[in-house]
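Working through the structure, step by step
Residue-level listing of the chains:
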Amino acid sequence: MKRIDWNQLDDPARAAMLQRPVQAVSDAVRSGVQAIFEAVADRGDDALRDFTSRFDGVMLEEFEVDAGEFARAAEAVPAEVQAAIAEAAARIEAFHQAGIAPPYAVETAPGLTCQRVQRPIRRVGLYVPAGSAPLPSTALMLCVPARLAGCAEVILCTPPRADGSADPAVLLAARQAPGVRVFKLGGAQAIAAMALGTARVPRCDKLFGPGNAWVDEAKRQAAQRPGGIAIDMPAGPSEVLVIADSGANPAFVAADLLSQAEHGPDSQVLLLTDSTTLLDAVATEVEAQLARLPRADIARRALEASRLVRVRDIEQAIAISNVYAPEHLILALREPRAWLDRVDSAGSIFLGDWTPEALGDYCSGSNHVLPTGGAARAWSGLSVASFQKAIAVQEASRAGIASAGPCAAILAHAEGLQAHAHAVELRLEHAA
């Protein structure tokens, strides 16, 4: 990892240091994704078969997982993994259930009531990556809130394995959404299938889930197409920013950095610290732990675009983090909660030495589908509300139109919208 002293950089160098690696290949990814969308729009399932053969190395006649494959998956997953999936699902449900916003109603004027109600999105499309590692945890993070929201149809796409099957643990986790339909499709072609619809894959109303740069770009293009569908958020290559003081455990910090670096070569990890001693110790620990990782080659490639940064103090580190807006922010500080109010842009925050980011990835209960690439400046992580539509309802009685109608008529005339005014004034005349 490259070492940098923040206060020795000018503004352009600082901006370059905070650039995500995926930005360097965005033009190539953009054109490649566009070609995939065009092929799926033109040739439907035939294009999906070709892309699956090309990218996943398997030719599939049918994409959808049948009842037999679901049954075999349940038998293939070890008992301890099944128990861990159930335990994690219970925590995820508890956290998300508590966060469901209740409907409300208020009388805004005598005889005029406004209310807000929630309705589930009818058909949702979920993407669960499995490129270099299957992610049943992501299936939990998507399927549990979809179930709590009451979505009528849940479509889930995940890449096939070399033998043409879906990962058994992913299938087991997907059952958290009863009636889920799983399709063995990966990458941008899976997003295109759910966005456009084919003879075999239903067109969805909203897309959810993280992925690599291709998946992230595919979701963006899906939303931008004429009549395009909604997406949850920009959720691309994983990233973590750690802010640590001199009392932090360097082994813990290094482990947290590597836990994100092993996701993929386009991941990015950053350490900000005001302690040169800690920075040196973390650098040593990263190399020592890296040598023991089975996915060391992947992590090492991610570390090429990662940084160990010396800052003036923790206040400056927080300011830098707010500009970067990380997907994951770890505050490895002696009094982390004292700094919490200063953080205004992060997907998820982990406080103190005993809260590894990996806990949130699996079973703390919060959602690990989070905004990346700086999108945390304006986007939030996944919740039950992400799978719902909020609808405003209003009802006026004769007294209500009499009390609020004159205000509406005056504003309508002020805007030059006479038909608006007439619709109100006509009722005022009849209500008098």
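Model, not experiment: these values are computed from the prediction.

Considerations on the sheet that holds strand E14 (residues 388-396)
The strand order across the open sheet formed by three strands is E2-E3-E14, and the pairing between neighbours is antiparallel. On the outer flanks of this sheet lie strand E2 (104-109) and E14, each paired with one strand and no other. Shown here is a sheet whose adjacent strand axes are inclined to one another by a mean of 25°, direction ignored. The sheet strands contacting helix H14 (residues 398-414) are E2, strand E3 (112-120) and E14, and the helix crosses E14 at an angle near 95°.

Let's talk about the pattern of salt bridges
For the structure shown, the criterion picks out 21 salt bridges. The partner of Asp-280 in a salt bridge is Arg-3, with the nearest N and O atoms 2.4 Å apart. With Asp-280 in helix H10 (residues 276-290) and Arg-3 in strand E1 (residues 2-5), the pair connects residues that are 277 residues apart, well separated along the chain. Residue classification places Asp-280 among the partly exposed residues on the basis of a relative accessible area of 33%. The salt bridge partner of Glu-153 is Arg-122, with a shortest N-O separation of 2.9 Å. Here the residue Glu-153 occupies a position in strand E5 (residues 153-158), and Arg-122 occupies one in the loop between E3 and strand E4 (123-127), the gap between them amounting to 31 residues. Overall, the relative accessible area of 26% leaves Glu-153 in the partly exposed class. Because the salt bridges share partners, they merge into one network encompassing Asp-45, Glu-62 and Arg-200.

A few points about the sheet that holds strand E8 (residues 230-231)
Reading across the sheet, the five strands line up as E6-E5-E4-E7-E8 and stay open at both edges, with parallel pairing between neighbours. The open sheet has two edge strands, strand E6 (181-184) and E8, and neither has a second partner. Strand direction decides the pairing type here: E4 and E5, joined by five bridges, are parallel. Bridge pairing in E5 links Val-124 to Val-154. Across the sheet, helix H5 (residues 136-149) is in contact with E4, E5 and strand E7 (206-208); its angle to E4 comes to roughly 165°.

Considerations on the pairing of strand E9 (residues 239-244)
Most of E9 is tucked away, with six of its six residues classed as buried. With six bridges joining them, E9 and strand E10 (residues 268-273) adopt parallel strand pairing. Bridge pairing in E10 links Glu-239 to Gln-268. The parallel pair E9 and E10 is bridged by helix H9 (residues 250-261), and the resulting crossover is right-handed. Examined bridge by bridge, E9 and strand E12 (residues 328-332) share five bridges and lie parallel to one another. Looking at E12, one finds that Val-240 is bridged to His-328.

Here's the deal with the packing of aromatic side chains
In the structure shown here, the tally under the stated rule is three aromatic pairs. The residue whose ring lies beneath Arg-20 is Tyr-324, and the NZ or CZ to ring-centre distance is 3.6 Å. Over the ring of Phe-70 we find Arg-175, and its NZ or CZ is 3.9 Å from the ring centre.

Some thoughts on the packing of H9 against H10
The N-to-C vectors of H9 and H10 enclose an angle of 55°; their axes lie 8 Å apart at closest approach. Taken together, the axis directions place H9 and H10 in an arrangement best described as oblique. Taken as a pair, H9 and H10 cross one another with a handedness that is right-handed. Residues Pro-250, Ala-251, Val-253, Ala-254, Ala-255, Leu-257 and Leu-258 of H9 pack against Leu-278, Ala-281, Val-282, Glu-285, Val-286, Gln-289 and Leu-290 of H10. Here the contact of H9 with H10 is composed, by residue class, of twelve nonpolar, one polar and one charged.

So, how was this worked out
Residues numbered from 1 in each chain as written. Predicted model: local features only at pLDDT ≥ 70, side-chain atom pairs only at ≥ 80, totals over all residues. Heavy atoms only, no water. Pairing = 2+ DSSP bridges. Helix = DSSP H or I, 4+ residues; strand = E, 2+ residues; numbered from the N terminus. Axes fitted to C-alpha atoms, helices over the stretch in contact; angles between N-to-C directions. Contact = heavy atoms within 4.5 Å. Salt bridge = Lys/Arg side-chain N within 4 Å of Asp/Glu carboxyl O. Buried < 20%, exposed > 50% of the residue type's maximum accessible area, 1.4 Å probe, protein only. Right-handed = clockwise from strand over helix to strand, strands pointing away. Phe/Tyr/Trp six-rings, centres within 6.5 Å; stacked < 30°, edge-to-face > 60°. Lys NZ or Arg CZ within 6 Å of the ring centre and 35° of its normal. Parallel < 35°, antiparallel > 145°, perpendicular 65-115°, else oblique. Left-handed = near helix turned anticlockwise from the far one by under 90°. Nonpolar A, V, L, I, M, F, W, Y, C, P; charged D, E, K, R; others polar.

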